[in-house]
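What the coordinates show
Listed below, chain by chain, are the residues.
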Amino acid sequence: MRAWIDGDLLADPTQGAVAVTDHGFTVGDGVFEAVKTLDGVPFALTRHLTRLQRSAEGVGLPAPDLDDVRSGVAAVLDGAQDDPIGRLRITWTAGPHPMGSGRGGGPATLVVAYSAIDRARPETTVVTVPWTRNENGATAGLKTTSYAENVIALAHAHRHGGTEAVFANTAGNLCEGTGSNVFYVVDGELRTPSLAAGCLAGITRELVLEWCGAREVDEPLADVRARASEAFLVSTTRDVQAIARWDDRDLPAPGPVTKQCAETWAAREAETMDP
């Protein structure tokens, strides 16, 4: 693992380096991006940085200097060429502030970290959780560091035999996973929830829509779970991952549409490498 903070590459990435008053630590006041790397080269980095800026604006933070971000990325990826796959974590927080919800005026904090990871399995199991996403909330659709809701949901999924949790929104419509978007097939048509459902505007979701086509539609989660002939998750580290079991229902993994999407992804992935 390597970590870079505000211009400095840490000799020990596990050492204490962020102030205890940093709002990202005390109240989760920050945004982030997780970026896949292949052989030490980032995938779709420009798209991720555009979303990082959009998330920062959405929570009222100043825009990060993207030249600084790219400097941090280069620093942590130096020597990573031998890692077949890895993950960059770019975190931008409000910086030191009073230990409450109100912001003071401290400079923002920029952290870039990297570690090698294993490839995701080609199939997975998901569990519907009893909590909902608030599609009308202040942070709906933003990639913020306030992830406690996801931690709770994912722990629930693990206890019930799943590797990912799936949320409905307050309207009862399918929304997203804790760190993934959901695609599914009904009557041969590939579908995914619209951004109005409150789901994150995932980079992998965006590319699957561009490369494979899908109809954005908002439907009750219960109907999707009952009617889908196949389904898959997409995310930065999952790519296209078939759902083999959704709660108590088995699905083909991969189904024919999922298989086609996974093959298209594999064939076109190199187009979006972004050194």
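Residues numbered from 1 in each chain as written. Predicted model: local features only at pLDDT ≥ 70, side-chain atom pairs only at ≥ 80, totals over all residues. Heavy atoms only, no water.

Details of the layout of surface pockets
- Of the voids in this model, the largest pocket is the one considered here, and its volume is about 1,200 Å³.
- Lining the largest pocket are 49 residues; nearest its centre among them are Tyr147, Asn150, Thr178, Gly179 and Ser180.
- Looking at the lining of the largest pocket, the elements that each hand over two or more residues are β3 (30-38), β5 (85-93), β7 (123-133), α4 (148-159), β9 (174-177), α5 (203-212) and β13 (230-235).
- Looking at the lining of the largest pocket, its residues break down into 13 nonpolar, 22 polar and 14 charged.
- When its volume is computed, the second largest pocket comes out at roughly 340 Å³.
- Lining the second largest pocket we find 20 residues, and of these Ala120, Pro122, Arg238, Asp239 and Val240 sit closest to its centre.
- Listed by contribution, the elements that provide at least two residues to the lining of the second largest pocket are β14 (239-246) and α7 (256-268).
- Considering every element that reaches the lining of the second largest pocket, the biggest residue donor is α7, with five residues.
- When the residues that make up the lining of the second largest pocket are grouped by side-chain class, the tally is 10 nonpolar, two polar and eight charged. (1 Å grid on protein atoms, 1.4 Å probe; cavity = no way out; pocket = protein on both sides within 12 Å on 5 of 7 lines; lining within 4 Å. Points joined across faces, edges and corners; volume = space filled by probe spheres on them. Helix = DSSP H or I, 4+ residues; strand = E, 2+ residues; numbered from the N terminus. Nonpolar A, V, L, I, M, F, W, Y, C, P; charged D, E, K, R; others polar.)

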